[in-house]
Amino acid sequence: QSVLKRKDSNEQMINAITCLRSAGVHISLDHIFNLPGETKESLGQSLRFYIDQRVRTLSIFFLNYYPGAEITNYACSHGYISNDQFNKINRNELVGEQSYGGSIINTTATKAQIQYAILFRLHTWLPDWIVWFLYKKNIFRLFPSNRIIYYGLSLVCELRGRGFRYLKIIRNLSFTGRLKLRS
């Protein structure tokens, strides 16, 4: 929360989820991997939250550092990125993707982030106890960090969570640049 400067507590998020669900609104949450200070424990807390709240549509992003961004300055001043990496970011020499890996500062850590992301994606498919078991026993570390597998699983999970209507929305945005919800 302090890194992203979000003021909402978990209790407030739980209350919002409960209210939205009681009104029949579909819940979709976003998760950003590779935040400064992220640990196995903090990721476990996030996974536990998604399990406990029965979140079945989860959009996943990876942090990408940008020149002049407050979080980039924070990461450098707190030792999460080196001065050399900070300078490369500010010269746009270290640009990553939000959808796969983010700014790749450390390839081993990036591989682990993708394995976590696959685990979080599987949470929408597998029984909760299996996902938690995979996390607790570090079995998810055996997952491949292959881009094709990650994107394929992501598409399947998004479709499962949002339905095939999601494909029409993506198609309309991709080809027309307009959001057309009704055909």
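This is a predicted model, so every value here is computed, not measured.

A closer look at the packing of helix α3 (residues 70–77) against helix α4 (residues 83–90)
Here α3 crosses α4 at 160 degrees, and the two axes come no closer than 9 Å. If you check the angle between α3 and α4, you find them roughly antiparallel. For the element pair α3 and α4, the recorded crossing hand is left-handed. Between α3 and α4, the contacting residues are Thr72, Asn73 and Cys76 on the first element and Asn83, Phe86 and Ile89 on the second. Residue composition of the contact of α3 with α4, by class: 3 nonpolar, 3 polar and no charged.

Some thoughts on the side chain of Gln113
Assignment of secondary structure puts Gln113 in helix α5 (residues 107–122). A relative accessible area of 11% means that Gln113 is categorised as buried. When residues no more than four places from it in sequence are discounted, the contact partners of Gln113 are Phe33, Asn34, Glu38 and Phe62.

Side note on the packing of helix α2 (residues 40–52) against helix α6 (residues 128–136)
Running from N to C, α2 and α6 cross one another at 180 degrees; their axes reach a closest spacing of 11 Å. By the criterion of interaxial angle, the relationship of α2 to α6 is roughly antiparallel. For the pair α2 and α6, contact is made by Lys40, Glu41, Gly44, Leu47, Arg48 and Ile51 and by Asp128, Val131, Trp132 and Tyr135, respectively. For the contact of α2 with α6, the class distribution of residues is 5 nonpolar, 1 polar and 4 charged.

Quick notes on the pairing of strand β1 (residues 29–33)
Here β1 shows one buried face, formed by Leu29, His31 and Phe33, and one open face, formed by Asp30 and Ile32. The sheet contact formed by β1 and strand β2 (residues 58–62) spans 5 bridges and is parallel. In the strand pairing of β2, His31 is matched with Ile60. Between β1 and its parallel partner β2, the chain crosses via α2, and the hand of that crossover is right-handed.

What counts and how
Residues numbered from 1 in each chain as written. Predicted model: local features only at pLDDT ≥ 70, side-chain atom pairs only at ≥ 80, totals over all residues. Heavy atoms only, no water. Axes fitted to C-alpha atoms, helices over the stretch in contact; angles between N-to-C directions. Helix = DSSP H or I, 4+ residues; strand = E, 2+ residues; numbered from the N terminus. Parallel < 35°, antiparallel > 145°, perpendicular 65-115°, else oblique. Left-handed = near helix turned anticlockwise from the far one by under 90°. Contact = heavy atoms within 4.5 Å. Nonpolar A, V, L, I, M, F, W, Y, C, P; charged D, E, K, R; others polar. Buried < 20%, exposed > 50% of the residue type's maximum accessible area, 1.4 Å probe, protein only. Pairing = 2+ DSSP bridges. Right-handed = clockwise from strand over helix to strand, strands pointing away.

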